[in-house]
Amino acid sequence: MSWTDGIVQLVFGQYGTQIPQTKSDLVYRDNKKSVTIFNPATLKTVMVDRYAAEILKLVDNGSDISAIALKLAVKCDMHPAIATLRTLQYLSSFQKLNFVSIPVTIDVPVPTRTIEKLKFPAPVLVSWEVTKTCNLNCSHCASQIMEGRELDTQEALALIEHMHETGVFMLSFSGGEPLIRPDIFLLLERVRELGMEFGLTTNGTLLDEKIVRKLASLEPFNVHISIDGVGEVHDSFRNMPGVFDKAINSLKLFKKYGIPHGITTSITRRNVGDLDNIKDFVKQNDIRSWEIFFAIPVGNLEKAEALNSEQFIELAGKIESIRRELDRTRVVVGDSLGYFGKKCIRDEEWNGCTAGINHCSIDAYGNVKGCPVQPSELIEGNVRDKSLSEIWSSDLAFQYNRKDVKLEGYCAKCRHKNECRAGCKTSAFHITGTIKENRMCLHFLENSNYCET
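Residues numbered from 1 in each chain as written. Predicted model: local features only at pLDDT ≥ 70, side-chain atom pairs only at ≥ 80, totals over all residues. Heavy atoms only, no water.

Participant: Could you give an account of helix H3 (residues 65–75), with specific residues and numbers?
Facilitator: Residue pairs three or four apart in sequence face the same way in an α-helix, which turns once every 3.6 residues. Restricting attention to buried positions, one finds in H3 the residues Ile65, Ile68, Ala69, Leu72 and Ala73. Buried residues in H3, looked at end-on, bunch into an arc of 140°, giving them a common side. Among the exposed residues of H3, those oriented more than 90 degrees off its buried face are Val74 and Lys75. Note on H3: the residue one or two positions beyond its end, Asp77, has a positive phi of about 50°. (Buried < 20%, exposed > 50% of the residue type's maximum accessible area, 1.4 Å probe, protein only. Helix = DSSP H or I, 4+ residues; strand = E, 2+ residues; numbered from the N terminus. Arc of directions from axis to C-beta.)

Structure, rendered in structure tokens:
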């Protein structure tokens, strides 16, 4: 054995014979100095250097980690010992991001550049509220109505063309109720013609077999229906009887026509007690994707209806139990629920809000923000005044995530402050009154015995 082989073996230790696998078909986009990697299964993205991207591309040939490192060394003209260390570091990062599965957890120092919050050349995902109009008046709706004229058909089509040119991977359509917009299928068809993916969130009341068949022909990435309770609980949220039955019928049609689908649940004081019933509904109907959100008091939701701190902690415990029980369902929690708590509620570690890092939102009037429910104070510009790429690439945009922001209160002292950066900015703003501290945080609540009613 040469001294180089000895160093390689020493660095590998127990990891060399492990065979990693990617968890889905990853999408790669080459930038000038880096590579953007998009995981369609989780909608997660990461920007890495070319060495890291090369390692990920080598994973799915059935090789063990030692063989991957040697191939990296040859391909990149790299010393085998350096290639070995790089391979372990990057695979450790990808494992934490849930991009790859490995039989053992790789525990090595990870170079920060693999997960650094770099500025992507274009948003990977754009959430688009195509209309504020809705046929329901839900008590917890977060959509914030402002004065203005919604983007018309030509403006919307031009925006789609522009997003394609800048390299956007996916559009997530919502509202209001997106299906109430007369030209919605014209927009969806153009998205697919240009090769972009799209998802849709709907209340499920306007779908019939003809519409679902047409939707299926466009092969959406996913369609989610909001289900916030079973039977009357759901109907009371919508302030209209019979809505739950319509949602059930829509889910059956999705299954009939093979549309990837799931449900989205926003938790408030009114329905937190119905979570077990929703869980049973998910199991009985073989729902494969369930997104659970802590409903932020914005829009129609009053602060008195939002969960208090004790209920917040109880919700996390309930989600941990649900994730164990529903092994056939991908249970996902929203960014407003976390962070670094003792409960296992996520597939991967929380690594900070990514609004303005790899995604953004556009509302019905053309305003660009980090996410749909952010306050108007965080609007970065309007696509009628500047192009999305101009807004996105501005050095002044999204500074709360792209620049170092001095945190306050408990967040300033927290040992997770560099990764977390006060968690969800929208939650922090609407509950704490500042984006610099977030007290609706599992780590804070568990370690301070803080509670309020």
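Participant: Would you mind going over the side chain of Asn308 in detail, with residue names and values included?
Facilitator: Note on placement: Asn308 falls in the loop between strand E11 (289–294) and helix H11 (309–325). Within the structure, Asn308 has its side chain in polar contact with the backbone nitrogen of Glu310 (distance 3.2 Å). (Polar contact = N/O pair within 3.5 Å; in protein donor to acceptor, adjacent residues only side chain to side chain.)

Participant: Any details on the packing of helix H7 (residues 209–217) against helix H9 (residues 243–256)? Residues and values, ideally.
Facilitator: Contact geometry of H7 with H9 gives a least axis separation of 10 Å together with a crossing angle of 40°. Classified by the angle their axes make, H7 and H9 are oblique. For the element pair H7 and H9, the recorded crossing hand is right-handed. Contacts between H7 and H9 involve Glu209, Val212 and Leu215 on the former and, on the latter, Leu253, Phe254 and Lys256. Residues belonging to the contact of H7 with H9 are distributed by class as follows: four nonpolar, no polar and two charged. (Axes fitted to C-alpha atoms, helices over the stretch in contact; angles between N-to-C directions. Parallel < 35°, antiparallel > 145°, perpendicular 65-115°, else oblique. Left-handed = near helix turned anticlockwise from the far one by under 90°. Contact = heavy atoms within 4.5 Å. Nonpolar A, V, L, I, M, F, W, Y, C, P; charged D, E, K, R; others polar.)

Participant: Kindly report on the environment of Thr153, identifying the contributing residues and their values.
Facilitator: Position of Thr153 among the secondary structure elements: in helix H5 (residues 153–166). Separated by 33 residues in the primary sequence, Thr153 and Leu186 have C-alpha atoms spaced 8.6 Å apart. The residues contacting Thr153, other than those within four sequence positions of it, are Arg181, Asp183, Leu186 and Leu187.

Participant: Quick rundown of the sheet that holds strand E8 (residues 197–202)? Include the residues and the values.
Facilitator: Pairing within the open sheet is mixed, and its 10 strands lie in the order E12-E11-E10-E9-E8-E7-E6-E13-E14-E15. Among the strands making up the open sheet, the edge pair consists of strand E12 (330–333) and strand E15 (381–382). Pairing of strand E13 (residues 359–362) with strand E14 (residues 367–369), which is carried by two bridges, proceeds in the antiparallel orientation. Note that in E14 the partner of Ile362 across the bridge is Val368. Set on the sheet, H5 makes contact with strand E6 (125–129), strand E7 (170–174) and E13; between it and E6 the angle comes to about 170°. (Pairing = 2+ DSSP bridges.)

Participant: Tell me about the pattern of salt bridges, residues and numbers included.
Facilitator: Side-chain pairing between opposite charges can occur once the charged atoms of the two side chains come close. Overall, the coordinates contain 22 salt bridges when judged by the stated rule. Across the salt bridge formed by Lys132 and Glu129, the nearest N and O atoms sit 3.2 Å from each other. As far as burial versus exposure is concerned, Lys132 and Glu129 are alike and both buried. A salt bridge links Arg192 to Glu197; its shortest N-O distance comes to 4.0 Å. Given the relative accessible area of 29%, Glu197 is considered partly exposed. Residues joined in a network through salt bridges with shared partners are Asp276, Lys279, Asp280, Lys283, Lys318 and Glu325. (Salt bridge = Lys/Arg side-chain N within 4 Å of Asp/Glu carboxyl O.)

Participant: Which residues make up unusual backbone geometry, and what values do they have?
Facilitator: Residues Gly338 and Tyr339 are joined by a peptide bond in cis, for which omega reads 10°. Inspection of the secondary structure assignment puts Tyr339 in the loop between E12 and E13. Positive phi, close to 55°, is recorded for Asn239, a residue that is not glycine. On the secondary structure map, Asn239 appears in the loop between helix H8 (232–238) and H9.

Participant: How would you sum up empty space enclosed by the protein? Please name residues and give values.
Facilitator: Summed over all chains, the structure comprises one cavity of 30 Å³ or more. Roughly 100 Å³ of internal volume is contained in the largest cavity. Around the largest cavity, the lining is made up of 15 residues, and of these Cys411, Cys414, Cys420, Ala422 and Cys441 lie nearest the centre. Considering only residue class, the lining of the largest cavity consists of nine nonpolar, four polar and two charged. (1 Å grid on protein atoms, 1.4 Å probe; cavity = no way out; pocket = protein on both sides within 12 Å on 5 of 7 lines; lining within 4 Å. Points joined across faces, edges and corners; volume = space filled by probe spheres on them.)

Participant: Go over the nonpolar core, please, and point to the residues and values.
Facilitator: Ranked by internal contacts, the top residues of the largest apolar core, which has 91 residues, are Trp128, Met163, Leu171, Phe173, Leu215, Phe254 and Trp290. No other element matches H9, which puts six residues into this core. (Core = buried A, V, L, I, M, F, W, Y, C linked by side-chain atoms within 4.5 Å.)

Participant: Go over the pairing of E8, please, and point to the residues and values.
Facilitator: Of the strand pairs in this sheet, E7 and E8 are connected by four bridges, and their pairing is parallel. Within E8, the residue paired with Phe173 across the bridge is Leu200. Taken together, E7, helix H6 (residues 184–193) and E8 form a β-α-β motif whose crossover is right-handed. Here E8 runs beside strand E9 (residues 222–226); their pairing, made up of four bridges, is parallel. Following the sheet pairing, Thr201 is matched in E9 by His224. (Right-handed = clockwise from strand over helix to strand, strands pointing away.)

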